[in-house]
Each structure stands twice: as C-alpha cells, then as structure tokens.
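Chain and residue survey
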Amino acid sequence: MGNDTKEKKFCPSCGENVDTYFVDRSGGVESEGKKKGDICCIFCGMIVEDISGNDVIPAKSILISDDSAMVRELITDMLKENGLTKDVIASKDGSDFITLFVKKISKKTPFSLVILDVSMPILNGVNAAIAMRAIEKALKMKSTPVLFFTAQKCDENFKKVLTYCKPALYVNKGISSTPDLLASRVSQVIIKLLKDIKS
Ligand SMILES: [Zn+2]
C-alpha cells in the first residue's frame, strides 16, 4: 500500500466521496491488479480514476442474479443501453444462478461476467460465488469476473470476500438516490472489470 494522499475522490463502488491511497509500487497482495500511480479507495480498493469507457469491448454474455425483479430489469436495460453486452440472462437466487451458470458451460459458451446480489434467498450471493469458483476449478476454467451488489459499504470482512472471489468488485446499492445514478455506477464498475479481463 502506498502513501495516503487523503485526497477525496468519488468511488463508484462505494457510491460516495472516499479517502484514497496512492499505489507507489506494483506487485504484492494489496496492489494486485493495480499499477504504480493508481489512486484507490481505502474502503474497497477500487481504482477510482481512469475508468472511462472509451475502449471497452462489450462482454459476450452477462448473468445477473437478484431477488428483486425491479433491480434485474433496471440492470438488464442499463447493460444493453450502455452497450456493455447484448446477451443478459437473469436469475432470481443463488441456486437458480448456479443452474444457469453450469448450463452455459455445458454449451461451451461460458458467461463473460456475473453480477450477484449478496442478500438472496436459498443461496446467497457470496456462497453462490464460492460455489462458482469451485466449479471453475474442477473444470480448469478461467475465473469469471464477479460484481457483487450489497446493501452496505465494504468493510474488512467484505474486502476478504472480494479478495477470495477475485477478480471481484462490488457496488453498494444501498446508497444511490436514483435508479439512474445506480445504473451509472454499476456501469463504471463493470467497465473496470471488463478492462481487467482484456489486460
Ligand atoms: Zn470504494
């Protein structure tokens, strides 16, 4: 971890102005996936700069899981409208998610990215992501990037989840005042995840 610049920046994941730190060297656990000069959120580690979507290559397909039909619809529309993908499949809980995830693998067209709500009935988002990683390991697949939706800001425990399930980022959906603002933040975090796949 680098020098704490104490410079407040907007973190799309946390959804508010946060203190940041400056990455002063590459490598190491803390700076994994980051390079020297990146400015990161002290809460979730998200790089808070340079995530403009100029050169984003859309994802082939995205699997969303959320128990709220309204959120599923909002995110599906946003992904399509922002050109992030043309193919969105929605599931309503973690169990449904695993079924659809494995079905897609069996057709040899795995999802490019998944979005998981943390709080869901039957199988929650964190457990679904852990199950997904176990399936990928068994099949010797690459790790599918995950975006988690939470109702709270990232704390030390959730940061461990993000590290365990990497590549993973999160969006605190409890904080956005309007659906449009939430959609814009989700879009920025997905662009970041998609950029990481290509690099
Ligand atoms: Zn953050």
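Here the structure is shown first, and the text comes after it.
Notes on the structure follow. Since the structure is predicted, the reported quantities are computational estimates derived from the model, not experimental observations. (Residues numbered from 1 in each chain as written. Predicted model: local features only at pLDDT ≥ 70, side-chain atom pairs only at ≥ 80, totals over all residues. Heavy atoms only, no water.)

Some points on the packing of aromatic side chains
On inspection of all chains with the given rule, the structure shows three aromatic pairs. Between F148 and F158, the aromatic rings sit 5.6 Å apart at their centres with planes inclined by 80°, giving edge-to-face as the arrangement. One end of the pair, F148, is in strand β8 (residues 146-150); the other, F158, is in helix α4 (residues 156-164), and ten residues separate them in sequence. Each member of the pair F148 and F158 is classed as buried. Put simply, the rings of F148, F158 and Y170 touch in pairs and so form one group of aromatic residues. Its end group placed over the ring of F111, K104 keeps NZ or CZ at 5.2 Å from the ring centre. Against the face of F43 rests K153, its NZ or CZ located 3.7 Å from the ring centre. (Phe/Tyr/Trp six-rings, centres within 6.5 Å; stacked < 30°, edge-to-face > 60°. Helix = DSSP H or I, 4+ residues; strand = E, 2+ residues; numbered from the N terminus. Buried < 20%, exposed > 50% of the residue type's maximum accessible area, 1.4 Å probe, protein only. Lys NZ or Arg CZ within 6 Å of the ring centre and 35° of its normal.)

Overview of the nonpolar core
Core analysis: the largest hydrophobic core is formed by 55 residues, its most contacted members being L79, I115 and F148. It is helix α5 (residues 179-198) that provides the largest number of residues to this core, a total of eight residues. Looking at this core, you find at least three residues from each of domain 1 (1-50) and domain 2 (62-198). Aside from chain neighbours lying at most four places away, what touches L79 is I62, I64, L84, T85, V88, I115 and I190. (Core = buried A, V, L, I, M, F, W, Y, C linked by side-chain atoms within 4.5 Å. Domains from an automatic or database assignment. Contact = heavy atoms within 4.5 Å.)

Brief notes about the pattern of salt bridges
It is possible for side chains bearing opposite charge to pair when their charged atoms get close. Counted according to the given criterion, the structure contains six salt bridges. Close ionic contact of D96 with K92 constitutes a salt bridge, the shortest N to O distance being 3.9 Å. The exposure class assigned to D96 is partly exposed, which follows from its relative accessible area of 23%. With a relative accessible area of 48%, K92 lands in the partly exposed category. Residues participating in the shared-partner salt-bridge network are D66, D117 and K173. (Salt bridge = Lys/Arg side-chain N within 4 Å of Asp/Glu carboxyl O.)

Here we look at helix α3 (residues 125-138)
For α3, with 14 residues, the first-to-last C-alpha span of 20 Å sits near the 20 Å given by 1.5 Å per residue. Of all the residues in α3, the buried ones are G125, V126, A128, A129, M132, R133 and E136. Along α3, the residues classed as buried sweep out an arc of 160° about the axis, all on the same side. In this structure, α3 carries K137 and A138 as exposed residues pointing more than 90 degrees from its buried face. Residues of α3 that are buried sit in contact with α2 (94-106), β7 (113-117), β8 and α4. (Expected span 1.5 Å × (residues − 1). Arc of directions from axis to C-beta.)

Topic: unusual backbone geometry
Peptide bonds are mostly trans, and most non-glycine residues show a negative phi. Going from K166 to P167, the amide bond is cis rather than trans, its omega being -5°. Within the fold, P167 resides in the loop between α4 and β9 (168-172). At K108, a position not held by glycine, the phi torsion is positive, near 65°. Backbone geometry places I122, a non-glycine residue, at a positive phi of 70°. Position of I122 among the secondary structure elements: in the loop between β7 and α3.

Topic: the pairing of β8
Among the five residues in β8, five count as buried, and that is most of the element. In this sheet, β9 lies alongside β8 in parallel orientation, the contact comprising five bridges. Bridging from a neighbouring strand, F148 pairs with Y170 of β9. (Pairing = 2+ DSSP bridges.)

Here we look at the sheet that holds β9
To summarise the sheet geometry, strands pair through backbone hydrogen bonds and adopt either a parallel or an antiparallel arrangement. Read across the sheet, five strands follow the order β6-β5-β7-β8-β9 without closing on themselves; strand pairing throughout is parallel. The open sheet has two free edges, formed respectively by β6 (88-91) and β9, since each of these has just one partner strand. Here the average twist between neighbouring strands, direction ignored, is 20°. (Axes fitted to C-alpha atoms, helices over the stretch in contact; angles between N-to-C directions.)

Things to note about the coordination of the zinc ion
Taken together, C11 (SG), C14 (SG), C41 (SG) and C44 (SG) make up the protein donors of the zinc ion, found 2.3 to 2.4 Å from the metal. One can describe the site at the zinc ion as tetrahedral: its four donor atoms subtend angles covering 104 to 115° at the metal. For the zinc ion, the donor residues sit on a single chain with the sequence spacing C-x2-C-x26-C-x2-C. Taken together, the residues C14 in the loop between β1 (9-11) and β2 (16-18) and C44 in the loop between β4 (39-41) and β5 (62-65) connect sequence positions 30 residues apart. In terms of burial, C14 and C44 fall into one category: buried. (Donors = N, O, S within 2.8 Å, 3.2 Å for Na, K, Ca; no water. Tetrahedral: all angles 85-135°; square planar, octahedral: opposite > 155°, others 65-115°.)

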